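Listed below, chain by chain, are the residues.
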Amino acid sequence: MLYAAPDLDLDDLRVLGEISAMRYELAEHLRVPRRWTGRLRRTAIARAIQGSNSIEGYHVALDDADAALDDEEPLSADQRTFAEIRGYRQALGYVLAMAKDDHFQLDASALRSMHFMMLAHDLSKSPGQYRRGDIYVHDESSGRAVYTGPEADTVPHLMEEIVADLNRADGDDPLVHAAMAHLNLVMIHPFRDGNGRMARALQTLVLARRGVAEPEFASIEEWLGANTEDYYRVLTVTGHGRWRPDGDAHLWVSFNLRAHHMQAQTVRRRLRRAQRAYELLDDVLSSRGLPDRALDALYSALLGFRLRRPTYVDQTGVDARTASRDFKALVDAELLKPVGQTKGRHYVAGPAVRTLAQELGASEPLIDPYPWMKAELVRLATEVRAGEVGGDTAAR
């Protein structure tokens, strides 16, 4: 038995409709390829990698997460942290690739393969293998166990139930279906480690397989990473500290719809800003007689990336000497600023690019589709942790 998808209320249906409208707008903008869409898509994947790993305590700068996409060395992350980032990058890349493959079979072996890719760098974590003993989730601040997973001998059967549910041809809205896959896997906690990251990657896989356009932008991993406390609170309220698949999952689903809505607003905002930023940067390069191949690099600098010459060589296809000339010209024009000595040198946004960033103005504010939820999560989670809630907690 798994957690079952709840009935949606009028608020949920309204939010689903608004998400659909924003996704349609995004699809319309991306229908005709533009210079800036590739950089936007790549950065979306990097943000998902960064966000999902930050929940587990592995924090990296966005440009280091981006470097993992090309298997480059990080500028600031330590090796252990970056090994986790690389593993997740490989698993997420697998998810995005297989979702488009008509011959891909989603079964328990595929899920275990994802887990192996994620944690193959640390064999002590038993990558690809189900846990063989009990598992407890601990609150790091208090040290006490806050969740107990189902018994280990039930895990293989429960995972087969998840697979069967994932492969059904009809049923819930894709966003609801993906949210329930996430919930069931994270509550089963089938592995010794990496269960949260697996659940979030699985959610992205379900969205992609169910035909949600542009899965790179549909992922809510970035938003969850930026709202970790609320993420833990809703799991606390839904799970009540133990495996209880007869519990009410309504608040969990509404929380995920809220995340999708907020992420879609964020993507829409970034899309508009990217389009305007590329226009401004293109005008600057043209007016100063600089090569337009530097456009992507300057946009990355505007986002706060640290640029490296080898990366520029790979992404533009020029040789090292030409790259050096380009960087010198960009520095002379105050578009980039060098940092560090020759061997470890990188480049950041110069005064002219920072001025352009100011011209873009402040981002438009996000509108919370469930304005009551944040305060309610705090209240309900506090009650559960204090043992004051005995039965199912209503979503409202």
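Attention here is on the structure that accompanies the text. (Residues numbered from 1 in each chain as written. Predicted model: local features only at pLDDT ≥ 70, side-chain atom pairs only at ≥ 80, totals over all residues. Heavy atoms only, no water.)

### Brief notes about the overall build of the chain
Looking only at helices and strands, the chain has 17 helices and 4 strands in total. Its C-alpha atoms give the chain a radius of gyration of 22 Å, near enough to 21 Å, the size a compact globule of 396 residues would have. Each of the three principal axes of the chain carries a C-alpha extent, and together these read 70 × 45 × 45 Å. In the chain, which comprises 396 residues, the share counted as buried stands at 53%. Long-range contacts, defined here as pairs at least 24 residues apart, represent 69% of the contacts in the chain between residues at least 6 apart. Charge-centre separation for the chain: the mean point of 50 positive side chains lies 6 Å from the mean point of 58 negative side chains. (Helix = DSSP H or I, 4+ residues; strand = E, 2+ residues; numbered from the N terminus. Rg over C-alpha atoms; globule rule 2.2 N^0.38 Å. Buried < 20%, exposed > 50% of the residue type's maximum accessible area, 1.4 Å probe, protein only. Contact = heavy atoms within 4.5 Å. Lys, Arg positive; Asp, Glu negative; His and termini not counted. Charge placed at Lys NZ, Arg CZ, Asp CG, Glu CD.)

### Observations regarding the environment of Gly-225
The residue Gly-225 is located in helix H10 (residues 221-226) in this model. When the C-alpha atoms of Gly-225 and Arg-385 are compared, they prove to be 22 Å apart, with 160 residues separating the residues in sequence. Beyond its immediate chain neighbours, meaning those up to four positions away, Gly-225 contacts Gly-51, Ser-54 and Ile-55.

### Quick notes on the pairing of strand E3 (residues 336-339)
The sheet contact formed by E3 and strand E4 (residues 346-349) spans 4 bridges and is antiparallel. Along E4, the bridge assignment pairs Pro-338 with Tyr-347. Linking two consecutive strands that pair antiparallel, namely E3 and E4, is a turn of 6 residues; a positive phi of about 90° is found at Gly-340 within it. (Pairing = 2+ DSSP bridges.)

### Let's talk about the packing of helix H3 (residues 62-69) against helix H4 (residues 79-98)
Two elements in contact, H3 and H4, have axes whose closest approach is 9 Å; the angle formed by their N-to-C orientations is 55°. Between H3 and H4, the angle is such that the two are oblique. Note on packing geometry: the crossing formed by H3 with H4 is right-handed. Contact residues: Asp-64, Ala-65, Ala-67, Ala-68 and Leu-69 in H3; Phe-82, Ile-85 and Arg-89 in H4. For the contact of H3 with H4, the class distribution of residues is 6 nonpolar, no polar and 2 charged. (Axes fitted to C-alpha atoms, helices over the stretch in contact; angles between N-to-C directions. Parallel < 35°, antiparallel > 145°, perpendicular 65-115°, else oblique. Left-handed = near helix turned anticlockwise from the far one by under 90°. Nonpolar A, V, L, I, M, F, W, Y, C, P; charged D, E, K, R; others polar.)

### Section: the side chain of Arg-197
Take Arg-197: it is sitting in helix H8 (residues 195-209). Overall, the relative accessible area of 1% leaves Arg-197 in the buried class. Aside from chain neighbours lying at most four places away, what touches Arg-197 is Ser-52, Asn-53, Glu-56, Tyr-58, Glu-84, Tyr-88, Met-118 and Leu-119.

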